[in-house]
Amino acid sequence: MQAVEYFEVECKEPAGAAAYKQIANDVLLDHNLLKVIYKLHIFIDPEVPIFVAVAKLNRVTSLIRVGDFADINPQEGKMTLVIANETYLAPMLKIFWERFGKDHVEQPDRFTVVLYDVKATPKEIEEIVVADPSEPLGKDLIYAFRLIAPEGFRLRQEIHTRTTMSFVASEDPLPEDVDKLVKEKFALMEETP
Amino acid sequence: MTLVPVTYKGGIHQHDIVISLIEDLGGYIVQKHMIAQEVVLQAFVPREDIDLIARISKPLFGEISESPLVGTEIAVVSMSLEIHHLPHPSCDFAEYARRIGAKTNMVSPARGPGKRISTINDEERDVINEHDIAVYAFGNFETCIKHKWPAMHRGVDVPIVVMGGPDKETLERIIDPPADGYVGNVGRFMRRTKEADELSKLDEIVAEVTRVLEKKRQQIAKDPLSIQPARLMEVVREQVPAILDVTSPTPLTVQMAGLRVKLPYDTFAEPIRQIDLGDGIHLKDLAEVVPSRMRDYILVKILPFSETNTVI
């Protein structure tokens, strides 16, 4: 697992900064998101008040394919798939049903799926893409930062791309130059938004 | 005879011996928990008889210890009931205090979080005022605590212990007008308190709460109550049998100067006022029976000796 390269909390109150560093660490760890983050900078000014979090993300490129979690045993007229990890079972079945029809797909028990008379080679089935783990990542990250930010800060601007994330929150309307602020914080990590 | 709050822990076997002993000595059982093979009693017993109880319960593997929070009701004021503040640290403290005998309730203002926007309304204020003490769980920034304190404590006349992220000295400096107690370095955090240093922090809060309550106790002792709340609890249990059918964990909650009766006010206020305390004295002569702002419960506020000229 890649470690977080840069993790700073910037705040005028040292005690508050230390507390928020701990909170951010605990929340990201609980949500299993630390491995996603490459660099993270949090800026809090309780006097304005404003909370800014900017992050550079690790690239999660690997797509989940059927071959990653299932063994395929071709037999006469059918193929038996032995599932090692159930996480992606539901999306896989959905794809099979759409592609081959429900008549050709059977699931005798939790860890076995049998395909009857399908027009595909085992190799092709192994290559079917089941899920893209980076897709819900942005949403998960934003959710985590809603927990990290002080609760009263309910006016938010949340932006996430595949490689960066920025989160600004305040209890008053956000200032107009908030993009400039986000850019400044990215610059502190030697990154661009 | 001074009654002191104690906790008794022991096996379930023959624990009724201990219960009748406490009652025979003139003590009162406030709460009784049966957890698997163990019994935990929270009680008031005469100070000079603690050794006797310890001696008699020794063959039953019972232990008795003083626990000053027994017979108190504490409001833990969490800034919200969102995941930001619960279950840590508010529930952690509430649960810890409960384990050593206090009855804790979580109170959370509808608009608690934030700096400029936080405030409490009259219902929340009244609910807090029905407790013996309030413990405010604030956040991590001194700027915010300083800003929201005047709004959050407005109208609250019970003692307040403030816990917050900045250290104790900073809290004492920024909280104006002053609170009754302060515990620093416990702001918002999102992990369970289980390490030794975190648990000692909880002990520190308990110590501060105990100190403030002790002051209140001394004040009450100067003008004693007309009837002991624990004794009143026994009487209500005898004379209002409907209380025995209430399924709340504590149908009768003992406070330092009162009693919360978890029965509907409209139906049961009059029978409670008419409770006979002997010699022609009724409860209405010694206490105010008022509706509680918590559900439709009844709150019995016991009057001091100076107002009734009677002590039972």
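Attention now moves to the overall build of chain A. Helix and strand content of chain A: six helices and 11 strands. Here the C-alpha atoms of chain A give a radius of gyration of 23 Å, more than 25% beyond the 16 Å that 2.2 N^0.38 yields for 193 residues. For chain A, the spread of C-alpha atoms along the three principal axes comes to 70 × 30 × 30 Å. Within chain A, buried positions represent 28% of all 193 residues.

What follows covers the overall build of chain B. Within chain B, the secondary structure is distributed over 11 helices and 13 strands. Computed over its C-alpha atoms, the radius of gyration of chain B comes to 20 Å, within 12% of the 20 Å expected for a compact globule of 312 residues. Considered along the principal axes of its C-alpha atoms, chain B spans approximately 55 × 45 × 35 Å. The long-range share in chain B, meaning contacts at least 24 apart out of those at least 6 apart in sequence, stands at 69%.

Attention now moves to the environment of Leu171 of chain B. All names here are of chain B. Here Leu171 is to be found in helix H6 (residues 168-174). Here Leu171 falls in the buried class, since 25 other C-beta atoms lie within 10 Å of it. With 45 residues separating them in the primary sequence, Leu171 and Lys216 have C-alpha atoms 22 Å apart. If near-sequence neighbours (up to four positions away) are discounted, Leu171 is found in contact with Val162, Gly164, Pro166, Tyr182 and Gly184.

All names here are of chain A. Across the sheet, which stays open at both edges, the five strands sit in the order E1-E2-E3-E11-E10 with mixed pairing between neighbours. In this open sheet, the two strands that pair with only one neighbour each are strand E1 (6-11) and strand E10 (155-160). On average, adjacent strands in this sheet sit at an angle of 5 degrees to one another, irrespective of strand direction. As paired strands, E10 and strand E11 (residues 164-170) are joined by six bridges and run antiparallel to one another. Opposite Ile159, over in E11, you have Ser166 as the bridge partner. Together, E1 and strand E2 (37-45) form the strand contacts of helix H1 (residues 14-30), whose direction differs from that of E1 by roughly 140 degrees.

Residue and element names in this part refer to chain B. With respect to topology, four strands assemble into an open sheet ordered E2-E3-E1-E4, the strand pairing being antiparallel. Single-partner strands in this sheet number two, and they are strand E2 (28-35) and strand E4 (63-66). Taking the axes of each pair of neighbouring strands and ignoring which way they run, one obtains an average angle of 20 degrees across the sheet. Pairing between strand E1 (residues 3-11) and E4: four bridges, direction antiparallel. The partner of Lys9 across the bridge, within E4, is Glu63. Each of E1, E2 and strand E3 (38-46) touches helix H1 (residues 15-24); the most contacted strand, E1, lies at about 170 degrees to it. Sheet strands touched by helix H2 (residues 50-57): E1, E3 and E4. Its angle to E4, the strand with the most contacts, is close to 160 degrees.

Domain annotation for chain B reports domain 1 (3-66), domain 2 (73-220) and domain 3 (229-308). Spacing between the C-alpha centres of domain 1 of chain B and domain 2 of chain B amounts to 31 Å.

Right, let's talk about the domain arrangement of chain A for a bit. Assigned domains within chain A: domain 1 (6-61 + 134-188) and domain 2 (64-131). On a C-alpha basis, the centroid separation for the pair domain 1 of chain A and domain 2 of chain A is 40 Å.

For the rest of this paragraph, the subject is unusual backbone geometry. Along the chain, Leu86 of chain B connects to Pro87 of chain B via a cis peptide bond; the corresponding omega equals -5 degrees. In this structure, Pro87 of chain B sits in the loop between strand E5 (73-78) and helix H3 (90-99). Residues other than glycine seldom take positive phi values, yet Asp117 of chain A does so here, at roughly 50 degrees. Along the chain, Asp117 of chain A falls in the loop between strand E8 (112-116) and helix H4 (122-126). Not every positive phi belongs to a glycine, and Phe61 of chain B is a case in point at roughly 60 degrees. Within the element layout of this structure, Phe61 of chain B appears in the loop between H2 and E4. Look at Phe61 of chain B and you get exposed, because 11 C-beta atoms sit within 10 Å.

Right, let's get into the pairing of E5 of chain B. All names here are of chain B. With six of six residues buried, E5 lies mostly within the body of the structure. Of the two faces of E5, both are covered, the one formed by Glu73, Ala75 and Val77 as well as the one formed by Ile74, Val76 and Ser78. As defined by bridge partners, E5 adjoins strand E6 (residues 103-107) across five bridges and the pair is classed as parallel. Directly across from Val77, in E6, lies its bridge partner Val107. In this fold, E5 hands off to H3, which returns the chain to E6; that crossover is right-handed. Taken together, the five bridges between E5 and strand E7 (residues 133-137) define a ladder with parallel strand orientation.

Moving on to the pairing of E1 of chain A. All names here are of chain A. Of the pairings in the sheet, the one linking E1 to E2 comprises six bridges and is parallel in character. Across the sheet, the residue bridging to Phe7 is Leu40, located in E2. Viewed along the sheet, the connection from E1 through H1 into E2 turns out left-handed.

Right, let's get into the nonpolar core. Ranked by size, the top nonpolar core spans 76 residues in total, and within it Val135, Tyr136, Met163 and Val300 of chain B carry the most contacts. Sort the elements by how many residues they give to this core and helix H7 (residues 196-222) of chain B lands first, with six residues. Sequence-distant contacts of Val135 of chain B, defined by excluding residues within four places in its chain, comprise Ile74, Val76, Val77, Phe93, Val161, Met163 and Val209 of chain B. If you look at the next biggest cluster of nonpolar residues, it comprises 33 residues, including Ile44, Ala144 and Val182 of chain A together with Met190 of chain B.

Next up on the list: the interface of chain B and chain A. On the side of chain A, 17 residues touch chain B, which itself brings 24 residues to the contact. The residue makeup of the side of chain B that touches chain A, split by class, is eight nonpolar, nine polar and seven charged.

Rules of the game
- The numbers attached to residues start from 1 for each chain and follow its sequence in the written order.
- Working convention: letters from A go to chains and numbers from 1 go to ligands, in the order in which they are written.
- Confidence filtering applies because this is a predicted model: local features only for residues at pLDDT of at least 70, side-chain atom pairs given and counted only at 80 or more, and all residues used for totals across whole chains, interfaces and linings.
- Put simply, DSSP marks the helices as runs of H or I at least four residues long and the strands as runs of E at least two long, and each gets a number from the N terminus on.
- The globule rule used for comparison is 2.2 Å times the number of residues to the exponent 0.38, while the radius of gyration itself is calculated over C-alpha atoms.
- Around each residue's C-beta, the other C-beta atoms within 10 Å are counted; 20 or more make the residue buried, 12 or fewer make it exposed, and counts in between make it partly exposed. All C-beta atoms are placed from the backbone.
- The contact criterion used is a C-beta to C-beta distance within 7 Å, with each C-beta placed from the backbone.
- The pairing criterion is simple: DSSP has to find at least two bridges between the two strands.
- Here, axes are lines fitted to C-alpha atoms. For helices the fit covers the stretch in contact, and angles between N-to-C directions go from 0 to 180 degrees.
- Delimitation of the domains relies on an automatic or database domain assignment.
- Handedness of a crossover is defined as follows: with both strands directed away from the viewer, a clockwise route from the first strand across the helix to the second makes it right-handed.
- By definition, a nonpolar core groups buried Ala, Val, Leu, Ile, Met, Phe, Trp, Tyr and Cys residues that connect through C-beta atoms lying within 7 Å of each other.
- Side-chain classes are defined by residue name, with Ala, Val, Leu, Ile, Met, Phe, Trp, Tyr, Cys and Pro counting as nonpolar, Asp, Glu, Lys and Arg as charged, and the others, Gly among them, as polar.

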